[in-house]
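# Descriptive analysis of the structure
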Amino acid sequence: MWADVETSELTGWGRTAPSAASVGTPSSTDQLLDAVRCAPSRGVVARGLGRSYGDPAQNAGGLVLETTGLDRITAFDPAAATVTAQSGVSIGRLLSVLADHGLFVPVTPGTRAVTLGGAIAADVHGKNHHRDGSIGRHLERMTILLADGSRRVVGPGPDADPELFWATLGGMGLTGIVLDATVRALRIAIPWMSVDTRRAGNLDELLAALDDADQRRYSVAWVDCLTTGRSAGRGVVTSGDHAAVEEAREWRRRSSPDPDPAARLTTPGWVPPGLLNRWTVAAFNEAWFRHAPRRRTGERQAPSSFFHPLDGVAGWNGLYGRAGLVQYQCVVPDVSTLRDVLTGLRSARTPTFLAVLKKFGPGNPGPLSFPRPGWTLALDIPASVDGLAALLDRLDTRVAEAGGSVYLAKDSRMRPELVPTFYPRLDEWHALRDRVDPHRLWQSDLSRRLSL
Ligand SMILES: Cc1cc2nc3c(=O)[nH]c(=O)nc-3n(C[C@H](O)[C@H](O)[C@H](O)COP(=O)(O)OP(=O)(O)OC[C@H]3O[C@@H](n4cnc5c(N)ncnc54)[C@H](O)[C@@H]3O)c2cc1C
């Protein structure tokens, strides 16, 4: 029996709510199977690169299996633009393998340091959700290790257990461990992005600019959540697409210098307590807004700068000090709810360092998949902010009234009674989960906290 496990304390990316578990990093599927067979009564959960903010990849008193040792690319067909990989492969690695063949991942979150398995378990979305949907739409099939030790190949087609396929997308590792998956890649002409930037002086302008920007494949806005008065809701919209060959010619003709691909910075080991407060964040917001061009089109950017700027700052979550950070991401169906959420944040003068706004397109059939049509707002907030729990509970209530949702992959604090409201097809998901895991082998701190 493979028994290479050690007791370790784990947290999510937000570094709140640590818990201790037996942690193993199998380097083969057989080792993984062995470990699962000897699971303790507190059950097992898979863990990728630990980039979910809260506790879905933790399992206090149970077993956590890191998949990063299972990262082989098992099949690659550049002509068909499909790649099959074990679930522990990172999006970053997939990107570099695809790049040599004029291909790109169909969906990437804001960091490339997530595994394919973690991306599937959260059904991640990117800046192209309005155009391309979330990752689930780009999978041909995946192999899942089920609680009874069997392996099941599932896919979206009618003869491949589509219910289990969709329940696994967004299922936060609670339907089984994804062993591998086949992804359809996106063809690109050249490895550069053509990027438009536009500054918007208030929320109305920002929403109109985002609507416009949706003509591009990728779009997103940064929003200033502290400024009040006529400038309330001001921000900067960034949109873009993979550049065309003609654009590259034009750049060459103008001899634009090669942009710097995301410089790597490191945060200092020690951070003064309270570094990120409403004054420092307000100063940052002002500088960020002023620094952005009023309007610029067709700027050449490296994909790393466009998609993953935060990856250039190693360990940036450390800036939030010992208390860590809470990420709050909701989706709301209408602008008036979005306004209420922003007003709630402003009146509480919450220092939200990174506030990102985006319009989602249609959702997936997955009962626990988060994206659905509407506006999604993602906020990083220091966990030490006074009154934060009460504020976020109030925002949850407003989001629930409007028929919106809060993202499980970012959550560390939602009230369990709201889960059926945020995920109205939860019963359907429970029924499916009971079919494939009647004895609750798959468990996590999140599954117990939210009674999933
Ligand atoms: C800077 C930053 C930016 C982000 N931007 C976005 C974004 O733009 N869009 C977005 O959607 N998300 C975003 N995220 C969230 C992130 O994409 C998800 O939380 C993702 O699940 C993290 O993957 P991971 O490999 O780190 O998984 P972990 O955090 O380790 O685990 C997350 C979940 O996946 C499950 N899991 C992991 N591997 C497997 C497997 N093989 N089989 C079954 N279940 C498994 C775990 O059990 C857990 O429930 C961002 C996170 C960060 C830190």
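So, how was this worked out
Residues numbered from 1 in each chain as written. Predicted model: local features only at pLDDT ≥ 70, side-chain atom pairs only at ≥ 80, totals over all residues. Heavy atoms only, no water. Buried < 20%, exposed > 50% of the residue type's maximum accessible area, 1.4 Å probe, protein only. Helix = DSSP H or I, 4+ residues; strand = E, 2+ residues; numbered from the N terminus. Arc of directions from axis to C-beta. Contact = heavy atoms within 4.5 Å. Polar contact = N/O pair within 3.5 Å; in protein donor to acceptor, adjacent residues only side chain to side chain. Axes fitted to C-alpha atoms, helices over the stretch in contact; angles between N-to-C directions. Parallel < 35°, antiparallel > 145°, perpendicular 65-115°, else oblique. Left-handed = near helix turned anticlockwise from the far one by under 90°. Nonpolar A, V, L, I, M, F, W, Y, C, P; charged D, E, K, R; others polar.

### Some words on helix 6 (residues 203-213)
Along helix 6, the residues classified as buried are Leu203, Leu206, Leu207, Ala209, Leu210 and Ala213. Buried residues along helix 6 cover an arc of 165° about the axis, so they all sit on one side. Those residues of helix 6 hidden inside the fold are in contact with strand 12 (193-200), strand 13 (218-223), strand 14 (235-242), helix 10 (335-347), strand 19 (354-360) and strand 20 (374-382). Between the side-chain oxygen of the N-cap and the backbone nitrogen of Asp204 there are 3.2 Å, and the N-cap of helix 6 in question is Asn202.

### A look at the side chain of His125
Relative to the helices and strands, His125 is located in the loop between helix 3 (116-122) and helix 4 (129-132). Residue classification places His125 among the buried positions, given a relative accessible area of 13%. Side chain to side chain, His125 and Gln329 meet in a polar contact 3.2 Å long.

### Some details on the packing of helix 6 against helix 10
Two packed helices can be described by the angle between their axes and the distance between those axes. Contact geometry for helix 6 and helix 10: axes closest at 12 Å, N-to-C directions at 130°. As the angle between them shows, helix 6 and helix 10 are arranged oblique. Classified by chirality, the crossing of helix 10 by helix 6 is right-handed. Between helix 6 and helix 10, the contacting residues are Leu203, Asp204 and Leu207 on the first element and Val335, Leu338, Arg339 and Leu342 on the second. Its residues assigned to classes, the contact of helix 6 with helix 10 comprises five nonpolar, no polar and two charged.

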